[in-house]
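As a plain string of letters, each chain reads:
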Amino acid sequence: MTPSSILVTGGAGFIGCHTVIALAEAGYRPVIFDNFSNSQPKVLEGLRQILGFEVPCYRADCTNRAALLEAMRRERVSGVIHFAAFKAVGESVQKPLLYYSNNLNALLTLLEAMIELDVRDLIFSSSCTVYGQPEQLPVTENSPILPPLSPYGNTKQIGEEILRDVARAGEALRIISLRYFNPIGAHSSGMIGELPLGVPNNLVPYITQTAIGLRAELVVFGNDYPTPDGTCIRDYIHVMDLAEAHVAALRHLEYASIPAAYYDVFNIGTGKGASVLEVIRTFEQATGKIVPYRIGPRRLGDAAAVYADASKAHKHLGWKAHRTLKEALADAWRWQLYLHKTAHLLSASNS
Ligand code: UFG
């Protein structure tokens, strides 16, 4: 049987490239569609080394309808996983129009192209950010959707609403939104991982860059939250567990007897929370490296604690996270070491 081709928009990005691996391992034929605005073509080389073959890649923007149609037609795509979006929370506050225009136009263009070509299965990359500062923990899919904390978060909320409305209107599209908690880590080969541009906003890349000496110290944003050690709690999920959730969601769409017009949402997290100080300590145990840090003021907009009830995904998709925080941090470190080594090799060969 010919494997189903799945278009992965944003497939060169952090979660996208790990999902490409999970798809290939599950017998699908992933096709990357990426404009490389926030990713690097060297990801493709990492994928080639890990998978042993070249993943087809279209370098184009998701707002380019002709390019989407061309890729989907030529590759005989049967489903799409849509990651392509701008994702920097702070930047979205500074440049709301850029975020609304890019993230929403990409989704609308993709939906129109899918309907035109009768491509029916779509997995949408959403975020636990839609829950804002949740009042009850763990967060279930029925928790209230609170006013968004940023234009980025709003693009995820509006994106979900668009998808729900499209399915309600009876379009022949089967759609799942996955609400990610905090993705961290890297493929265990250490050959692909997160590539933050400039100073990282997120905790784990900041920790690995501090441990390797690229940053002087980590600032822990507040230790006066109502949590056991005073620092914020998040649900950190290994990016390969998250990648595998996409495969489980696709399989659900393909094999479960669900209606032609279908929409559902699933939390994708571990169900366990860890505080910032716990993450630092676990990283130090996993790697033997010390992370210099100091306690600083709170960061605007941070919720004290967010962690998932992921039982719906377990029940309906047969998926649950099985990698530990320690493994995720060890893998993130392996990737940081790989980046360090390859940067040295590159600068040596250039001199
Ligand atoms: N933190 C620090 N120091 C840092 C960076 C982060 O103490 O230098 C803390 C934060 O205050 C927070 C925790 O580490 O308590 C995690 O912060 P991240 O920035 O790594 O992750 P967030 O939970 O803020 O954000 C993530 C995703 C967003 C998404 C959001 C939804 O990165 O895309 O979850 O809640 F919108």
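Scroll up for the structure.
First, a word on what this report is: a plain description of the structure on this page.

Calculation notes
Residues numbered from 1 in each chain as written. Predicted model: local features only at pLDDT ≥ 70, side-chain atom pairs only at ≥ 80, totals over all residues. Heavy atoms only, no water. Buried < 20%, exposed > 50% of the residue type's maximum accessible area, 1.4 Å probe, protein only. Helix = DSSP H or I, 4+ residues; strand = E, 2+ residues; numbered from the N terminus. Arc of directions from axis to C-beta. Contact = heavy atoms within 4.5 Å. Expected span 1.5 Å × (residues − 1). 1 Å grid on protein atoms, 1.4 Å probe; cavity = no way out; pocket = protein on both sides within 12 Å on 5 of 7 lines; lining within 4 Å. Points joined across faces, edges and corners; volume = space filled by probe spheres on them. Nonpolar A, V, L, I, M, F, W, Y, C, P; charged D, E, K, R; others polar. Near = heavy atom within 4 Å. Polar contact = N/O pair within 3.5 Å; in protein donor to acceptor, adjacent residues only side chain to side chain. Areas by Shrake-Rupley, 256 points an atom, 1.4 Å probe, with all protein chains shown as cover. Pairing = 2+ DSSP bridges. Core = buried A, V, L, I, M, F, W, Y, C linked by side-chain atoms within 4.5 Å. Axes fitted to C-alpha atoms, helices over the stretch in contact; angles between N-to-C directions. Parallel < 35°, antiparallel > 145°, perpendicular 65-115°, else oblique. Left-handed = near helix turned anticlockwise from the far one by under 90°.

**As for helix α2 (residues 42–51)**
Line of reasoning, step 1. For α2, the set of buried residues is Val-43, Gly-46, Leu-47 and Leu-51. Considered in projection along α2, the buried side chains sweep an arc of 115° and stay on one side of the axis.
Line of reasoning, step 2. Along its buried surface, α2 packs onto α1 (14–25) and β2 (29–34).
Line of reasoning, step 3. Taken from the residues just after α2, Gly-52 is the one with a positive phi, measuring 85°.

**Concerning helix α5 (residues 96–117)**
Line of reasoning, step 1. Between its first and last C-alpha atoms α5 spans 32 Å; for 22 residues at 1.5 Å apiece the expected length is 32 Å, and the two agree.
Line of reasoning, step 2. Residues Tyr-99, Asn-102, Asn-103, Leu-104, Ala-106, Leu-107, Thr-109, Leu-110, Leu-111, Ala-113 and Met-114 constitute the buried set of α5.
Line of reasoning, step 3. Turning to α5, the residues buried within the fold contact α3 (65–74), β4 (77–82), α4 (89–94), β5 (121–127) and α6 (151–168).
Line of reasoning, step 4. Once α5 ends, the next one or two residues include Asp-118, with phi positive near 60°.

**Some words on the layout of surface pockets**
Line of reasoning, step 1. As a volume, the second largest pocket reaches approximately 600 Å³.
Line of reasoning, step 2. Forming the walls of the second largest pocket are 30 residues, and the residues nearest its centre are Lys-42, Leu-195, Trp-335, Leu-339 and Thr-342.
Line of reasoning, step 3. Elements supplying a minimum of two residues to the lining of the second largest pocket: α2, α7 (203–211) and α11 (325–350).
Line of reasoning, step 4. Among the elements that make up the lining of the second largest pocket, the one with the highest residue count is α11 (nine residues).
Line of reasoning, step 5. By residue class, the composition of the lining of the second largest pocket is 16 nonpolar, 10 polar and four charged.

**Points about the site of the ligand**
Line of reasoning, step 1. Neighbouring the ligand are 18 residues; Leu-203, Val-219, Arg-234, Arg-299 and Asp-302 lie closest to it.
Line of reasoning, step 2. Leu-203 is positioned with one of its backbone polar atoms (N or O) 2.8 Å from an oxygen atom of the ligand.
Line of reasoning, step 3. Isolated, the ligand exposes 690 Å² of accessible area, and the fraction of that covered by the protein chains is 86%.
Line of reasoning, step 4. A class-by-class count of the residues in the shell around the ligand yields 10 nonpolar, five polar and three charged.

**Side note on the pairing of strand β8 (residues 218–221)**
Line of reasoning, step 1. Of the two faces of β8, only one is covered, namely that formed by Leu-218 and Val-220; the face formed by Val-219 and Phe-221 stays uncovered.
Line of reasoning, step 2. With four bridges connecting them, β8 and strand β13 (residues 293–296) associate as parallel partners. When the sheet's bridge partners are listed, Leu-218 is paired in β13 with Tyr-293.

**A closer look at the nonpolar core**
Line of reasoning, step 1. Among the nonpolar cores identified, the biggest contains 42 residues, and Leu-47, Ile-176, Leu-178, Ile-268, Leu-317 and Trp-319 are the most heavily contacted of them.
Line of reasoning, step 2. Per element, the largest residue contribution to this core is 10 residues, and it comes from helix α8 (residues 239–255).
Line of reasoning, step 3. Filtering out sequence-adjacent residues up to four positions away, Ile-268 remains in contact with Leu-178, Arg-179, Tyr-180, Phe-181, Ile-237, Leu-242, Ala-245, Ala-313 and Trp-319.
Line of reasoning, step 4. Among the nonpolar cores identified, the runner-up in size contains 31 residues, and Cys-62, Val-77, Ile-162 and Ala-167 belong to it.

**Concerning the sheet that holds β2**
Line of reasoning, step 1. What the seven strands build is an open sheet, ordered β3-β2-β1-β4-β5-β6-β11; its pairing is parallel. Sheet topology places β3 (57–59) and β11 (262–268) at the edges, where each strand pairs with a single neighbour. Neighbour-to-neighbour, the strand axes of this sheet turn through a mean angle of 20°, independent of strand direction.
Line of reasoning, step 2. In terms of strand pairing, β4 meets β5 through four bridges, oriented parallel. Residue pairing across strands places His-82 opposite Phe-124, the latter belonging to β5.

**As for the packing of α3 against α5**
Line of reasoning, step 1. For the pair α3 and α5, the least separation of the axes is 10 Å and the interaxial angle reads 45°. The orientation of α3 with respect to α5, classified from their angle, is oblique. Here α3 and α5 pass one another in a crossing that is right-handed. Facing α3, whose interface residues are Arg-65, Leu-68, Leu-69, Met-72 and Arg-73, α5 presents Thr-109, Leu-110, Glu-112, Ala-113, Met-114, Glu-116 and Leu-117.
Line of reasoning, step 2. Of the residues in the contact of α3 with α5, the class split is seven nonpolar, one polar and four charged.

**A few points about the side chain of Ser-126**
Line of reasoning, step 1. Here Ser-126 is to be found in strand β5.
Line of reasoning, step 2. Among all residues touching Ser-126, those that are not within four sequence positions of it are Lys-156, Glu-160, Ser-177, Leu-178, Arg-179 and Tyr-180.

**Side note on the packing of α1 against α8**
Line of reasoning, step 1. At a closest axis distance of 8 Å, the pairing of α1 and α8 adopts a crossing angle of 55°. Between α1 and α8, the crossing angle belongs to the class labelled oblique. α8 is crossed by α1, and the crossing has right-handed handedness. Of α8, the residues touching α1 (which contributes Phe-14, Ile-15, His-18, Thr-19, Ile-21, Ala-22, Leu-23 and Glu-25) are Val-239, Met-240, Leu-242, Ala-243, Glu-244, His-246, Val-247 and Leu-250.

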